[in-house]
Amino acid sequence: MMTVNEAFRKFKSRLELNDKEQANASARHTEVRDYLDTKFAIERSFLTGSYARHTKTKPLKDIDIFFVLKKSGKDYRSMAPSVILGDFYDALVEKYGKAAVRKQGRSINVDFGVVVDADDNTDYRVMSVDAVPAYAAAEDYEIPDADKGAWIKTNPETHAEKATAAHQAYSSEWKGLVRMVKYWNNNPRHGDDKPVKPSFLIEVMALQCLYGDWQGRFDYEIQAFFATLADRILEAWPDPAGLGPPISDGMDAKQKQRARTLLQTASREASIAIDHARQGRNGEALKAWRALFGPKFPLS
Ligand SMILES: Nc1ncnc2c1ncn2[C@@H]1O[C@H](COP(=O)(O)OP(=O)(O)OP(=O)(O)O)[C@@H](O)[C@H]1O
Ligand SMILES: [Mg+2]
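Residues numbered from 1 in each chain as written. Chains lettered and ligands numbered in written order. Predicted model: local features only at pLDDT ≥ 70, side-chain atom pairs only at ≥ 80, totals over all residues. Heavy atoms only, no water.

**Side note on the packing of aromatic side chains**
Moving on, step 1. On inspection of all chains with the given rule, the structure shows 22 aromatic pairs.
Moving on, step 2. With centroids separated by 4.8 Å and ring planes inclined at 50°, the aromatic side chains of Phe11 and Phe293 adopt a geometry described as tilted. Here Phe11, found in helix H1 (residues 4–14), pairs with Phe293, found in helix H10 (residues 282–293); they are 282 residues apart in sequence, far enough to count as distant. Like Phe293, Phe11 is buried.
Moving on, step 3. Pairing Tyr170 with Trp214 gives two aromatic rings, centres 6.2 Å apart and planes at 70°, and the pair type is edge-to-face. On the criterion of sequence distance, the pair formed by Tyr170 in the loop between helix H5 (156–169) and helix H6 (174–186) and Trp214 in the loop between helix H7 (200–209) and helix H8 (218–232) is long-range, its members being 44 residues apart. Comparing Tyr170 with Trp214 shows no difference in burial state: the two are buried.
Moving on, step 4. The structure contains a cluster of three or more aromatic residues connected by ring pairs, namely Phe8, Phe11, Tyr170, Tyr183, Trp184, Trp214, Phe218, Phe226, Trp289, Phe293 and Phe297.
Moving on, step 5. One residue, Arg28, lies across the ring of Phe112, its end atom 3.8 Å from the ring centre. (Phe/Tyr/Trp six-rings, centres within 6.5 Å; stacked < 30°, edge-to-face > 60°. Helix = DSSP H or I, 4+ residues; strand = E, 2+ residues; numbered from the N terminus. Buried < 20%, exposed > 50% of the residue type's maximum accessible area, 1.4 Å probe, protein only. Lys NZ or Arg CZ within 6 Å of the ring centre and 35° of its normal.)

**A closer look at the site of ligand 1**
Moving on, step 1. Neighbouring ligand 1 are 16 residues; Ser50, Lys56, Thr154, His159 and Ser199 lie closest to it.
Moving on, step 2. Between Arg53 and ligand 1, the recorded distance is 2.8 Å, taken from a side-chain N or O atom to an oxygen atom.
Moving on, step 3. In this structure, an oxygen atom belonging to ligand 1 sits 2.9 Å away from a side-chain N or O atom of Lys182.
Moving on, step 4. Sorting the residues of the shell around ligand 1 by element identifies helix H3 (49–53) and strand E7 (150–154) as the ones contributing at least two each.
Moving on, step 5. No other element matches the 3 residues that H3 contributes to the shell around ligand 1.
Moving on, step 6. Taken together, the residues of the shell around ligand 1 break down into 3 nonpolar, 6 polar and 7 charged.
Moving on, step 7. Split by domain, the shell around ligand 1 shows at least three residues from each of two domains, domain 1 (4–12 + 158–293) and domain 2 (16–155). (Near = heavy atom within 4 Å. Polar contact = N/O pair within 3.5 Å; in protein donor to acceptor, adjacent residues only side chain to side chain. Nonpolar A, V, L, I, M, F, W, Y, C, P; charged D, E, K, R; others polar. Domains from an automatic or database assignment.)

**Comments concerning the pairing of strand E2 (residues 63–69)**
Moving on, step 1. Within E2, 7 of the 7 residues are buried, which leaves the element mostly enclosed by the surrounding structure.
Moving on, step 2. Side chains Ile63, Ile65, Phe67 and Leu69 project from E2 onto one buried face, and the interleaved Asp64, Phe66 and Val68 project onto a second face that is buried too.
Moving on, step 3. The pairing of strand E1 (residues 42–48) with E2 spans 6 bridges and is classified as antiparallel. Each bridged residue has a counterpart across the sheet, and for Ile42 the counterpart in E2 is Leu69.
Moving on, step 4. Direction of pairing for E2 relative to strand E5 (residues 128–137): parallel, over a ladder of 6 bridges. (Pairing = 2+ DSSP bridges.)

Now the structure itself:
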């Protein structure tokens, strides 16, 4: 039977991006870009967010694509954020249909109708993308935020640099742990609402909660990570680049309390799983970890 650490290694590799997925993401990017090019004055576009930083979990969905608009084109920047989002929405509905396109606070989501199987596999296909209109602003970008009714500043390069530095300081295990906890966050057993919103908050907290030295055991690391996330989820978490609104603004006080309770439960379940292995009940340990994370955690 496989050991718990071997199971974690396999789990980790199942959450890694592979070549086929990258090829599909790239094809979808090209498809959406070539279409939006016919409707808007777009200077350039690129895949970004957790996808580009390798902190996205599986199944692959909501891959962010920034569409940097030309300043010489229509001056959306001087208008309310809802205007550009409305125009992106209308254009994308024209191509993909109303059922596949959704307005979000800072982007338009396009769903490709990919089916997920019971093991969370999608045949290496990306389920959806988030099309984000953006303007370049010196070193940074400005993107529309319809909920705030304002354009907000962001800098994906800074986020990527911080993630890379944290990863390197943690024996190159940091991104794997972030993907695992984001996978836990997606577990359908939590119901329709994810415990932590936005899931980017998990990565932002990990910048401060996963430090010191990697101790070499996934089970201990994950248990401690859940415990620290539970302890610190009620704190304010600013944008690590110091530009946008606090990442912790995504939840109200009640949602934060719920997140805390669910993180505490995860930490407790992790301790129980560790105890199973300590007592020589390896099969029980693997089952406990799988129940905690979901079907991508292997039993064999
Ligand atoms: N409040 C914010 N201020 C500034 N930049 C932000 C803020 N929230 C998100 N971003 C940037 O926009 C990107 C996309 O946001 P999103 O919520 O999709 O997060 P993500 O990291 O891509 O996580 P997920 O895996 O859930 O898609 C983030 O990766 C980050 O670079
Ligand atoms: Mg994203």
